[in-house]
Amino acid sequence: MHVSPSTLTALILSILGSITVSAAGTSNDGIPEASMYTDSNTNMTFLGYANAGFHFGMVLPSDPKDDLIIQLVSPLKDGGGWGGIDFGEYMTGHLILAAWPQNAKDNTVMISPRIATGYEISNGANLYKANPITITQIPDGTFVNDTHVSATFVCGGCLNSDSFGASDKTATFSYAYAYDPVDDPSDVDTKLSDHTANGEPYGPFHVTVARAESSDFDHGGEWHCDWDGDCECWCVVYGDRCCGGGNWLEFKLWIVIVRK
């Protein structure tokens, strides 16, 4: 699993682009099925689900281990709100990833791993600490605008016992979003607002895990670069480009490498 500098949890963002989505199906139990879509900002193809302005997508490497790429796009009201994905059919007991505008003026996004032990605000989504999680944001797909917040990122360590495994053939996830802002947008451990307070939709959808696997996504190989001498680096590779990276020595510097 890769380690990214903690100071880069939030990155400078861009504007929302179009998303092309294939038709979603419905299973025999009436729960929607995830479908493929291509995001025009990143030119990545995701397996995901969309409803009422919310989008979730994921990409797995062709040989999944610990990491995956996640995209969360959620509607905002007056610049506030949050959106999230729960890697289980029900809210409690599974890894949750939530995203919200850290500061709409500065146009940055906070991404927070959570887990719920109950359905009240006090225990509905506490900070996740059971397994190490690292967040590496992908700038082209991470932004805030007048209507939405978008977070696209590599979630290091997110394939674990509290989410799902690469060997799982199918899984059921749940989504939710809230129009009310979180208590303190600058705090990764802040209390989330009630996602049912304004009648916002939420619910489960089925995922066929293997459909998310892509040969375009590389975990990030080791690279050598010339920055103040030789340094061993890594980057997240999708297709023919490097989407972000860092160095194992944890210098507070983002090194962008283009793979030829």
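Note that the coordinates shown come from a computational prediction; the quantities given were computed from them, not determined experimentally.

J.: Go over the packing of aromatic side chains, please, and point to the residues and values.
T.: Using the criterion set out here, one finds 12 aromatic pairs in the structure. Ring plane angle 50° and centroid distance 5.6 Å describe the contact between Tyr 49 and Tyr 175, whose orientation is recorded as tilted. With Tyr 49 in strand E3 (residues 44-51) and Tyr 175 in strand E13 (residues 170-178), this residue pair connects regions lying 126 residues apart in the sequence. Judged by relative accessible area, which is 12%, Tyr 49 ranks as buried.

J.: I'd like to hear about unusual backbone geometry, residue by residue, with values.
T.: With a phi angle near 50°, Ala 52 is a residue other than glycine that sits in the positive phi range. Tracing the backbone through its elements, the reader meets Ala 52 in the loop between E3 and strand E4 (54-61). Of note, the phi angle at Asp 78 is positive, near 55°, even though the residue is not glycine. Judged by its relative accessible area of 79%, Asp 78 falls in the exposed class.

J.: Go over the pattern of salt bridges with me, naming the residues and quoting the values.
T.: Side chains that differ in charge, positive against negative, can pair when their charged atoms come close. Within this structure, the stated rule accounts for 2 salt bridges. Note that Asp 63 is salt-bridged to Lys 65, the shortest N-O span being 2.8 Å. Among the ionic pairs, Lys 191 bridges to Asp 183, the shortest N-O distance being 3.9 Å. Given a relative accessible area of 43%, Lys 191 falls into the partly exposed group. A relative accessible area of 57% means that Asp 183 is categorised as exposed.

J.: Residue-level account of the pairing of strand E7 (residues 95-103), with values.
T.: Judged by how many residues are buried, E7 sits mostly within the fold: 7 of 9 residues are covered. Sheet topology places strand E6 (residues 82-86) next to E7; 4 bridges connect them, and they run antiparallel. Looking across to E7, one finds that Asp 86 is bridged to Ile 96. In this structure, E7 lies alongside strand E8 (residues 108-115), joined through 8 bridges in antiparallel fashion. Across the sheet, the residue bridging to Pro 101 is Val 109, located in E8.

Definitions and cut-offs
Residues numbered from 1 in each chain as written. Predicted model: local features only at pLDDT ≥ 70, side-chain atom pairs only at ≥ 80, totals over all residues. Heavy atoms only, no water. Phe/Tyr/Trp six-rings, centres within 6.5 Å; stacked < 30°, edge-to-face > 60°. Helix = DSSP H or I, 4+ residues; strand = E, 2+ residues; numbered from the N terminus. Buried < 20%, exposed > 50% of the residue type's maximum accessible area, 1.4 Å probe, protein only. Salt bridge = Lys/Arg side-chain N within 4 Å of Asp/Glu carboxyl O. Pairing = 2+ DSSP bridges.

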